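The residues making up each chain are set out below.
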Amino acid sequence: MSKVNVDWSKLGFSYQPISQRYVANYKDGKWGKGGLTDDPNVTLNECAGILQYCQEVFEGLKAYKTKDGRTVTFRPDMNAKRMIDSAKRLEMPPVSEEMFMEAVDQVVAANKDWIPPFETGGALYLRPYLFASGPVIGVKPSDEYQFRLFGTPVGSYFKNGVKPITICVSDFDRAAPRGTGHIKAGLNYAMSLHAYITAHTNGFDENMFLDPATRTYVEETGGANFLFVKKDGTLVTPKSDSILPSITRRSLIMIATDMLGMKVEHRPVKLTEVGEFAEAGLCGTAAVICPVGKVVDHDKVYNIASGMEKMGPVLQKLYDTLRGIQLGTIEGPAGWVHEVK
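Note that the structure is predicted; figures quoted are calculated from it, not measured.

### Considerations on the environment of Asp205
As for its placement among the helices and strands, Asp205 is situated in the loop between helix H4 (186-201) and strand S10 (206-208). Asp205 sits in the partly exposed class, given a relative accessible area of 36%. Setting aside chain neighbours within four positions, we find Asp205 in contact with Ile165, Thr166, Tyr196 and His200.

### A few points about the nonpolar core
Among the nonpolar cores identified, the biggest contains 45 residues, and Met208, Phe228, Val274, Ile289 and Leu318 are the most heavily contacted of them. For this core, the secondary-structure elements that each account for two or more residues are strand S6 (71-74), strand S9 (165-169), strand S11 (225-229), strand S12 (235-238), helix H5 (247-259), strand S14 (279-284), strand S15 (288-297) and helix H6 (313-326). Ignoring any residue separated from it by four or fewer positions in sequence, one finds Ile289 in contact with Phe158, Leu227, Leu252, Leu282, Cys283, Met311, Leu315, Leu318 and Tyr319. Of all hydrophobic cores here, the second largest spans 36 residues; its members include Tyr22, Leu90, Leu124 and Val340.

### Regarding the packing of helix H2 (residues 76-89) against helix H3 (residues 97-110)
Orientation of H2 relative to H3, taken along the N-to-C sense of each, is 130°, at an axis distance of 9 Å. It follows from the interaxial angle that H2 and H3 lie oblique. H2 and H3 meet at a crossing whose hand is right-handed. Each of Pro76, Asp77, Asn79, Ala80, Lys81, Met83 and Ile84 in H2 lies in contact with H3, whose residues at this interface are Glu97, Phe100 and Met101. Partitioning the contact of H2 with H3 into residue classes produces six nonpolar, one polar and three charged.

### Brief notes about the packing of aromatic side chains
Inspection of the entire model under this criterion finds 12 aromatic pairs. Between the aromatic rings of Tyr26 and Trp31, the centroid separation amounts to 5.4 Å while the plane-to-plane angle is 65°, which identifies the pairing as edge-to-face. An angle of 65° between the planes, with centres 5.1 Å apart, marks the rings of Phe58 and Tyr189 as edge-to-face. Of the two residues, Phe58 sits in strand S4 (residues 56-58) while Tyr189 sits in helix H4, which places them 131 residues apart along the sequence. Cluster of aromatic residues (ring-pair linked, three or more members): Tyr15, Tyr129, Phe131 and Phe150.

### Considerations on the packing of H5 against H6
Between H5 and H6, whose axes approach to 10 Å, the crossing angle comes to 105°. Taken as axis vectors, H5 and H6 run roughly perpendicular relative to one another. From H5, Thr248, Ser251, Leu252, Ile255, Ala256 and Met259 reach across to H6, where they touch Leu318, Thr321, Leu322 and Ile325. For the contact of H5 with H6, the residue count by class is seven nonpolar, three polar and no charged.

Calculation criteria
- Once a new chain begins, its residue numbering starts again from 1 and follows that chain's sequence as written.
- This being a predicted model, a pLDDT of at least 70 is required before a residue's local features are given, and a value of 80 or more before pairs of side-chain atoms are given or counted; all residues contribute to the totals for chains, interfaces and linings.
- With hydrogens and water set aside, each side-chain value is computed from the structure's full complement of heavy atoms.
- Under the DSSP-based scheme used, a helix requires at least four consecutive residues in state H or I and a strand at least two consecutive residues in state E, with every element numbered from the N terminus.
- Partly exposed describes any residue whose relative accessible area lies between the buried limit of under 20% and the exposed limit of over 50%, with all areas from a 1.4 Å probe on protein chains only and scaled to the type maximum.
- Only heavy atoms enter the contact rule, under which two residues are in contact if any of them lie within 4.5 Å.
- To qualify as a nonpolar core, a set must consist of buried Ala, Val, Leu, Ile, Met, Phe, Trp, Tyr and Cys residues joined through side-chain atoms within 4.5 Å.
- Axis lines are fitted to C-alpha atoms, over the contacting stretch for helices. Their N-to-C directions set the angle, which ranges from 0 to 180 degrees.
- Comment on the angle field: the value is read as roughly parallel under 35 degrees, roughly antiparallel over 145, roughly perpendicular from 65 to 115, and oblique elsewhere.
- Less than a right angle of anticlockwise turn of the near helix away from the far helix marks a crossing as left-handed, whereas a clockwise turn marks it as right-handed.
- Under the scheme applied, nonpolar residues are Ala, Val, Leu, Ile, Met, Phe, Trp, Tyr, Cys and Pro; charged residues are Asp, Glu, Lys and Arg; polar residues are all the others, including Gly.
- Each Phe, Tyr or Trp ring, with Trp reduced to its six-membered ring, pairs with another whose centre is within 6.5 Å; inter-plane angles below 30 degrees give stacked pairs, above 60 give edge-to-face pairs, and intermediate values give tilted ones.

Structure, rendered in structure tokens:
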């Protein structure tokens, strides 16, 4: 019987504080020992680097209850490696993979009662983040940083059933060539908010950002990578130096090639190709795969053959396989599922 008062049937994707979170501080050139705290608040100097120059990177992953009752996370080592790459790009001291994994394990173990039961399809969403906590007024990296990891219970993304979405080609650029589009930094998401609200105001669910240099190639949305399926069943993923290297996308590619025997193409994708695909979708931690039924580029409409009623069969197979691996009903590649005792 759960010791927390949560109506699992009404969980959405919103913040709800849990019992414990992890905190570690960087000072005098080294990371101190991290540990758990029950305080959800962050106290900062008014001149902290995060407030002045946006030195911050983050990750997102989930902890699940499997069908046989185990508590697991999905490929947390990949999140650790990506956060290290992101931190280096913003001149921040990386959190070691060991400390990252320690934080994940401690927070999950201390908050097991907050993980939704297997049958709900929910999870404990984990948010590790690293930011400049020391005061800095000149434009330069801070000398002090804080690493934190908290969690919040979230429900099934498709609570009311899977429905393909309609997206628009954005008039805005997500990232500059040779910029920071390939790292998971808050600054990249801040600039996408205006484009996201603009899309919603115009009746669309999301944006399709194009390459800023030529505006002819597909990149990603504000928070997810694209997947396309050709009529012969080949999986196609856009390639660009500005696209965030999604762990979900990379996992789906391995499932497609190693488990399902599919052909995969990772290459630049022209906008003009979009209407030729049999299926389209967005992939990321929150939904795994969200189907796309229509892409609108001003007066040009690209209708995806799989339609607006349900996810296409190839993407559905990929979705079911990855979810099965995460929830322990399908045996996945070695090391993908990390058990927390």
